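# Summary of the model geometry
What follows is each chain in one-letter form.
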Amino acid sequence: MILCDIGNSFFHFYKDGRIWKIPAKENPEIERGGEKLYFISVNPQAAKKLLNKFPDAINLDKFTFLDTNYEGIGIDRAAACKAIDDGVIVDAGSAITVDVMQNGMHLGGYILPGIKEYKRAYENISPALNKNFNFDISKELLPQNTVDAISYGAIISIVTIIEKSVKNKRIYFTGGDGPYMARFFSNGI
């Protein structure tokens, strides 16, 4: 069996304990060896590429039910929530999604721009703000230079809103920027 999570930026594959990714703008070239391929997707164009290459791939969207009142939750969020009975799931990728689970029920969630989108917003404000973020900033110290100031503005605003949602729950981080965000939370995995 091969699993595929198609996001905005990448095809993420899983097979026999191995995980790898291919940019979503490329055609997915994988060795199946006759194994079934199951997928979820938030990217219709990339899903079409996968199905053109592997027409027998099975879309798990129609088989995934999440106990929630949230209308329009994406399959990526629903699948992540299905794995957690009680906690907060933070998927820090192209967008940052935050979902709260309690006793197997999805209580709700929200969507923030991803870190790269915050960076792009600063670039659009002024060329002087076209800087790479410093992920080693401190929450407790006010910034003393432009790089730290934009980093603090973006990262700490994200951290603060997540903290408001968490209460005493464990936080499960995923996505490309998950490792960066997790370091701000002692109860993060």
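Note: the structure precedes this text.
Since the model is a prediction, treat every value here as computed from it, not as a measurement.

Within the protein, the regular secondary structure consists of five helices and nine strands. When the helices and strands of the protein are placed in sequence order, the string is β-β-β-β-α-β-α-β-β-β-α-α-β-α. With respect to the principal axes defined by its C-alpha atoms, the protein has extents near 55 × 40 × 30 Å. Within the structure as shown, the protein displays about 11,000 Å² of accessible surface, and the carbon and sulfur contribution to it stands at 52%. Positive and negative charge centroids in the protein, built from 22 and 22 side chains respectively, lie 2 Å apart.

Throughout the structure, instances matching the rule amount to six aromatic pairs. Consider the rings of phenylalanine 11 and phenylalanine 13, whose centres lie 6.1 Å apart with planes at 15°: the pair is stacked. A ring pair is formed by phenylalanine 133 and phenylalanine 135, whose centres lie 6.4 Å apart and whose planes are at 65°; its orientation type is edge-to-face. Sitting above the plane of the phenylalanine 10 ring, lysine 21 keeps its charged end 4.3 Å from the centroid. One Lys or Arg, arginine 183, reaches over the ring of phenylalanine 184 and ends 4.7 Å from the middle of that ring.

A word on unusual backbone geometry. Among all residues save glycine, negative phi is the norm, and among peptide bonds the norm is trans. One non-glycine residue with positive phi stands out, namely asparagine 103, at about 50°. Position of asparagine 103 among the secondary structure elements: in the loop between strand E7 (95-102) and strand E8 (105-113). On the basis of relative accessible area, asparagine 103 is assigned to the exposed category, the value being 62%. Within the chain, lysine 167 stands out as a residue other than glycine whose phi angle is a positive 55°. By the element assignment, lysine 167 lies in the loop between helix H4 (146-166) and strand E9 (171-174). Of the residues examined, lysine 167 reaches a relative accessible area of 67% and is grouped as exposed.

Taken as a whole, helix H3 (residues 115-125) has its buried residues at Ile115, Tyr118, Lys119 and Tyr122. End-on view of H3: buried residues confined to an arc of 100°, all on one side of the axis. Across from the buried face of H3, at angles greater than 90 degrees, the exposed residues are Lys116 and Asn124. Those residues of H3 that are buried are in contact with E7, E8, H4 and helix H5 (178-182).

The next subject is the pairing of strand E6 (residues 87-92). For E6, a buried count of five out of six residues is recorded, marking the element as mostly surrounded by other parts of the structure. Alignment of E6 against E7, held across six bridges, turns out to be antiparallel. Within E7, the residue paired with valine 88 across the bridge is valine 100. Hairpin connection, E6 to E7: the antiparallel pair is bridged by two residues. Across four bridges, E6 lies against E9 in parallel orientation. Bridge pairing in E9 links aspartate 91 to threonine 174.

Conventions used here
- Residues numbered from 1 in each chain as written.
- Predicted model: local features only at pLDDT ≥ 70, side-chain atom pairs only at ≥ 80, totals over all residues.
- Heavy atoms only, no water.
- Helix = DSSP H or I, 4+ residues; strand = E, 2+ residues; numbered from the N terminus.
- Areas by Shrake-Rupley, 256 points an atom, 1.4 Å probe, with all protein chains shown as cover.
- Lys, Arg positive; Asp, Glu negative; His and termini not counted.
- Charge placed at Lys NZ, Arg CZ, Asp CG, Glu CD.
- Phe/Tyr/Trp six-rings, centres within 6.5 Å; stacked < 30°, edge-to-face > 60°.
- Lys NZ or Arg CZ within 6 Å of the ring centre and 35° of its normal.
- Buried < 20%, exposed > 50% of the residue type's maximum accessible area, 1.4 Å probe, protein only.
- Arc of directions from axis to C-beta.
- Contact = heavy atoms within 4.5 Å.
- Pairing = 2+ DSSP bridges.

These results come straight from atomic positions and should not be treated as a statement about function.
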